[in-house]
Amino acid sequence: MVKIAIDAMGGDFGPEPIVKGCIQALKKKKFTPILVGKKSEILPLLPKRYRDKISIVECDDVISMSDAATDAVKRKDSTIYKAVEMVRNGEADGVVSAGHSGATMTLATLRLGRLKGIARPALITFMPTKNGTRTSVLDVGANVDSKAEHLVQFAIMGGCYSENVMGVKNPRIGLLANGEEDSKGNEVTKAAHKLLKDYEGFIGNVEGGDIFNGSCDVVTCDGFIGNLVLKTSEGVASTISGLIKDYIRKSPIAITGALLMRKVFKLLKKEIDYAEIGGAPLLGIKGCAIVSHGKSNAKAMENAIYQAIAYVDTGVNEHILEKLEEYKQKDI
């Protein structure tokens, strides 16, 4: 049975939504949850019938959002350090944290190590499309600056995740640029395009709109651009929903149509809501780490746990290693 170490104290709202999400996940999936945190705060939140199904690892130190990510390496008694260390020691198969994302990524990378052939791990997230599927986008924040070879690795990892975890057969992989032509992009993306040109599933350059139109399954970019795409998408849905609300107030005549449009954008907001997604898997490490939003509610934590279970069960890391070796041998 899959064992998941969960940082019970890392989120903005303390252990309550984390414990609740864990219980909700247990109702639907068979796994062994290990909550790392203050037992005095966790235990009162656990119904008696679940106390024999959930382990608690006592830990008082919590990395706050204002702390530097590098501090986590020194604070070996912190919740996130202990949770990651459980994966390193084989006591857990994966780790989930809604705490300091930088600390989680730093510890997962340094303590678990990178997969052979991976220079930079990458965060992956999933954007809605008009045909009801999701486009996997990476990197969305782990690396601000990336080289061409890093983008190649992101593309390979994203393709493996899309196939194994998302269930996409022969995923179409695109490289985010300012035009579809091979000549478009900056020096890094142009170099990455040449390296990926003959890679199986690579469809060439794609534009921002292609993330949402269902024309590709994986979009590759550096973490700076990817994070901007993610935050902009969230902002657009929220802003348009607000504009529609204002329009209704100013123009009662159009209230019926506006209400319908508002409902549509509420559905869009739901599609890109971090609670629906759960968290961002960190690809390229020896193990499984899911980085969740600091404001995660119980539903977000529940979905993050499902992500961790799927990551472990599908063996995506083994597939990444195989694809990297194939790429290396073909000398694409």
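Some details on the overall build of the protein chain
Phase 1 of the analysis: Looking only at helices and strands, the protein chain has 12 helices and 11 strands in total.
Phase 2 of the analysis: A buried classification covers 51% of the 332 residues belonging to the protein chain.
Phase 3 of the analysis: Summarising the internal contacts of the protein chain: among those between residues at least 6 apart in sequence, 70% fall at separations of at least 24.
Phase 4 of the analysis: In the form shown here, the protein chain has an accessible surface area of approximately 15,600 Å², with 52% of it arising from carbon and sulfur atoms.

Examining the pattern of salt bridges
In a structure, side chains of opposite charge can pair up when their charged atoms sit close to one another.
Phase 1 of the analysis: Scanning all chains against the criterion turns up 11 salt bridges.
Phase 2 of the analysis: A salt bridge links E41 to K38; its shortest N-O distance comes to 3.9 Å.
Phase 3 of the analysis: Residue classification places E41 among the partly exposed positions, given a relative accessible area of 35%.
Phase 4 of the analysis: Sharing partners across several salt bridges, the network here consists of D61, D67 and R75.

As for the sheet that holds strand β3 (residues 55–58)
Phase 1 of the analysis: Read from one edge to the other, the open sheet built from 11 strands follows the order β3-β2-β1-β4-β11-β10-β5-β6-β9-β7-β8, with strand pairing classed as mixed. Both outer strands of the open sheet, β3 and β8 (202–206), are each paired with one neighbouring strand and no more. Averaged over all pairs of adjacent strands, the angle between strand axes in this sheet comes to 25 degrees, irrespective of strand direction.
Phase 2 of the analysis: Of the strand pairs in this sheet, strand β5 (residues 122–128) and strand β10 (residues 280–283) are connected by 2 bridges, and their pairing is antiparallel. From the neighbouring strand, A122 faces β10, where its bridge partner is L283.
Phase 3 of the analysis: In the packing of helix α6 (residues 148–164) onto the sheet, contacts are made with β5, β6 (134–138), β7 (173–176), β9 (218–220) and β10, and the angle to β9 comes to roughly 165 degrees.

Some thoughts on a nonpolar patch on the surface
Phase 1 of the analysis: Among the surface-exposed residues, V144, F224, I225 and L228 lie close enough to one another that they form a single nonpolar patch of about 350 Å² accessible area.
Phase 2 of the analysis: For F224, the location among the structural elements is in helix α8 (residues 223–250).
Phase 3 of the analysis: For F224, a relative accessible area of 47% gives the class partly exposed.

The rules we used
Residues numbered from 1 in each chain as written. Predicted model: local features only at pLDDT ≥ 70, side-chain atom pairs only at ≥ 80, totals over all residues. Heavy atoms only, no water. Helix = DSSP H or I, 4+ residues; strand = E, 2+ residues; numbered from the N terminus. Buried < 20%, exposed > 50% of the residue type's maximum accessible area, 1.4 Å probe, protein only. Contact = heavy atoms within 4.5 Å. Areas by Shrake-Rupley, 256 points an atom, 1.4 Å probe, with all protein chains shown as cover. Salt bridge = Lys/Arg side-chain N within 4 Å of Asp/Glu carboxyl O. Pairing = 2+ DSSP bridges. Axes fitted to C-alpha atoms, helices over the stretch in contact; angles between N-to-C directions. Patch = residues over 30% accessible without salt bridge, like charges linked within 9 Å, V, L, I, M, F, W, Y side chains within 5 Å.

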